[in-house]
Structures are given as C-alpha cells and as structure tokens.
Amino acid sequence: MKWYDVFSNIYDSSLEKLYFKSRVRAIELLDLKSGQNLIDIACGTGANFKHIKATNEELEIYGTDFSEGMLRKGQSLIKKNNWNDITLFQADARELTPEFIKKQINKDLSFDRIICVLGLSVIPEWEVVLDKMLDILKENGRIVIVDVFAEKRNFNTWLVEKIAKADLNRKIWQTLEKKTTNFHYEYLPVKENKVGGKLFVATGIKSKRR
Ligand SMILES: C[S@@+](CC[C@H](N)C(=O)[O-])C[C@H]1O[C@@H](n2cnc3c(N)ncnc32)[C@H](O)[C@@H]1O
C-alpha cells in the first residue's frame, strides 16, 4: 500500500477536476434518503464526501481504505469541515466482514448504501471484494460502482495502470449485473485518453437471492 501513501500527496490536485462531474452523477444514483447509512469503500482522500454532504446532511457516513496516507488526507478534510457524522477506518477491503467492521466501529451495522469509486480496478481479488460488499449491504440496499474499463488497450491504458496500480481489464459491471436487481449502467463524460479507457457508473439493488 506504500504507493497510495505517496500518491495521496498529489491525488486531489492532479485528479479532482477530472472526476468531479462523475462523482456528482454517481452520488445522484445513490438515491440517498435522510437517516440512511452509507459506506464509501476505498474512499481514498474522501473526495466523495463533499458531494454526499451536499446531497443530504442527515446521513451516517463511513469511509474505509487500506492506505494510511489516503486516510490521513480524508481525516484532515473531515476535521476542516467539522463533519462529525463521518467515520473513517483502515481496512484491506478483502477483510470487510460484518465482524471486522463491528470491531472497527463498535457497532453491528449493515449498510443502506455502498459506493466504491475507482477501487475495484485497483483492489486485488475484486470479485471476492464485490461479494463482501454485497454481504454488508442491507437487503434492498443500493450499491454504486464507478470504474474504468479499457475496451481497446493503448499507451494511455498502460500508463494509467502503471500510475494507479490498476487493472483496466476487469468487467466489473457485468458481475454486478448478475448479482443485483434494478441494474443500471452508463458511461460518464470523461475523455478515454485521460483515464485509460471508458469511465462508467454501474448500480444495482441487493435482492434476497444473489
Ligand atoms: C484510484 S484510488 C480511488 C480513491 C477514491 N475512491 C476516489 O474516488 O478518489 C484507489 C484506492 O484504493 C485503495 N486500495 C487499494 N487496495 C486496497 C485494498 N486492498 N483495500 C482497500 N483499499 C484499497 C487505495 O489506497 C486508493 O485509495
């Protein structure tokens, strides 16, 4: 995780303009309601939080990431804005079981909403992690995933994969579609050469049967 500790120092200044509108759209698709709880998995520097707070102030928000450096940035953002309803904790997403989460936050929680932006292309064993996410999502809860898929590989794909330590060959939305209902998928308006492929948002609802 050392790389993201270093990357955290320039992450927001180099990428935030690029992803701003996509975050707004992803959070719109979360369809947040007052009183709900939400977890941002691989939350990084907390770049989603201001959009979530702008949509609804009455939420219980959690963020988790493996990188201490990214979480430090997220924590100072929370402090600066006095966001007392946002709690961060460190975790390898592969360990996100209900028991693990309970130990971290001292609460037995499952979540109304899950968001993961640019995480599943980076995290190893992403299919296992997606299953873990669905395990901690409430029945009828909604999950929103934003990520990049390279249909045609080129130099930019290679470069983004190197910089982000990502694998842009993962057909994440296809797996999500199989495991959720009310599935929706759309491309987001970001130039492919900037992100190494097509940026998409995919969302679905957890049903009883998966
Ligand atoms: C490209 S960044 C995305 C950060 C943030 N979601 C955003 O939208 O800006 C990928 C994030 O995945 C995190 N990450 C990588 N491997 C992880 C793992 N095994 N478990 C949890 N987070 C991980 C990194 O620390 C980093 O913050």
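All values reported here derive from a predicted model rather than from experimental measurement.

*Asks:* Which residues make up the overall build of the chain, and what values do they have?
*Replies:* Looking only at helices and strands, the chain features 9 helices and 7 strands. Taking the principal axes of the C-alpha coordinates as reference, the chain spans close to 45 × 40 × 30 Å. For the chain, with 210 residues in total, the buried portion stands at 52%. Looking at the chain as shown, the accessible area adds up to about 10,600 Å², and 49% of this sits on carbon and sulfur atoms. Here the chain carries 35 positive and 29 negative side-chain charges, and the mean point of each set is 3 Å from the other.

*Asks:* Pulling in residues and values, what's your account of the packing of aromatic side chains?
*Replies:* In this description, a pair of aromatic rings is defined by centroid distance and the angle of the planes. For the coordinates displayed, the defined rule picks out 11 aromatic pairs. Sitting over the face of the ring of Trp3, Lys165 holds its NZ or CZ atom 5.4 Å from the ring centroid. It is Lys198 that lies over the ring of Tyr187; its NZ or CZ is 5.1 Å from the centre.

*Asks:* Let's hear about the sheet that holds strand β7 (residues 198-205): which residues, and what values?
*Replies:* Pairing in this open sheet of 7 strands is mixed, and the strands run β3-β2-β1-β4-β5-β7-β6 from one edge to the other. Both outer strands of the open sheet, β3 (86-90) and β6 (181-187), are each paired with one neighbouring strand and no more. Strand-to-strand, the axes of this sheet are offset by a mean angle of 15°, without reference to chain direction. Looking at chain direction, strand β1 (residues 37-41) and strand β4 (residues 111-117) are connected through 3 bridges and run parallel. Within β4, the position partnered with Asp40 by the bridge is Ile115. Helix α8 (residues 172-179) contacts β5 (137-149), β6 and β7 of the sheet and is inclined by roughly 10° relative to β7.

*Asks:* Account for the UniProt feature "domain: Methyltransferase" (unreviewed entry) in the chain, naming residues and giving values.
*Replies:* Residues annotated by UniProt as "domain: Methyltransferase" (unreviewed entry) correspond here to residues 33-168. In residues 33-168, the share of helix is 37% and the share of strand is 26%. The end C-alpha atoms are 32 Å apart.

*Asks:* How would you explain the site of the ligand if you had to name every residue and give the values?
*Replies:* Around the ligand, the structure places 19 residues, and the nearest of them are Tyr11, Arg23, Ala42, Asp65 and Val117. At a separation of 2.5 Å, a nitrogen atom of the ligand approaches a polar backbone atom of Ala42. A distance of 2.8 Å is found between a nitrogen atom of the ligand and a backbone nitrogen or oxygen belonging to Ala93. Spatially, the ligand is embedded in the largest pocket. A breakdown of the residues in the shell around the ligand according to their chemical character gives 14 nonpolar, 2 polar and 3 charged.

*Asks:* Tell me about the pattern of salt bridges, residues and numbers included.
*Replies:* Applying the stated criterion across every chain yields a total of 16 salt bridges. With its nearest N and O atoms 2.5 Å apart, the salt bridge here joins Glu28 to Arg25. With Glu28 and Arg25 both in helix α2 (residues 11-30) and 3 residues apart, this pair spans about one turn of that helix. Note that Arg94 and Asp92 form a salt bridge whose closest N and O atoms lie 2.7 Å from each other. Assessed through its relative accessible area of 10%, Asp92 is described here as buried. Here the salt bridges do not stand alone but share partners, grouping Arg25, Glu28 and Glu186 into one network.

*Asks:* Kindly report on the pairing of β4, identifying the contributing residues and their values.
*Replies:* Taken across its 7 residues, β4 has 7 buried, putting it largely inside the fold. Both β4 and β5 contribute to a ladder of 6 bridges, which runs parallel. Bridge pairing links Phe111 to Leu137 in β5.

Reading guide: rules and limits
- Residues numbered from 1 in each chain as written.
- Predicted model: local features only at pLDDT ≥ 70, side-chain atom pairs only at ≥ 80, totals over all residues.
- Heavy atoms only, no water.
- Helix = DSSP H or I, 4+ residues; strand = E, 2+ residues; numbered from the N terminus.
- Buried < 20%, exposed > 50% of the residue type's maximum accessible area, 1.4 Å probe, protein only.
- Areas by Shrake-Rupley, 256 points an atom, 1.4 Å probe, with all protein chains shown as cover.
- Lys, Arg positive; Asp, Glu negative; His and termini not counted.
- Charge placed at Lys NZ, Arg CZ, Asp CG, Glu CD.
- Phe/Tyr/Trp six-rings, centres within 6.5 Å; stacked < 30°, edge-to-face > 60°.
- Lys NZ or Arg CZ within 6 Å of the ring centre and 35° of its normal.
- Pairing = 2+ DSSP bridges.
- Axes fitted to C-alpha atoms, helices over the stretch in contact; angles between N-to-C directions.
- Contact = heavy atoms within 4.5 Å.
- UniProt positions renumbered as here; feature names shortened; annotations may be inferred.
- Near = heavy atom within 4 Å.
- Polar contact = N/O pair within 3.5 Å; in protein donor to acceptor, adjacent residues only side chain to side chain.
- 1 Å grid on protein atoms, 1.4 Å probe; cavity = no way out; pocket = protein on both sides within 12 Å on 5 of 7 lines; lining within 4 Å.
- Sits in = over half its atoms within 2 Å of the grid points.
- Nonpolar A, V, L, I, M, F, W, Y, C, P; charged D, E, K, R; others polar.
- Salt bridge = Lys/Arg side-chain N within 4 Å of Asp/Glu carboxyl O.

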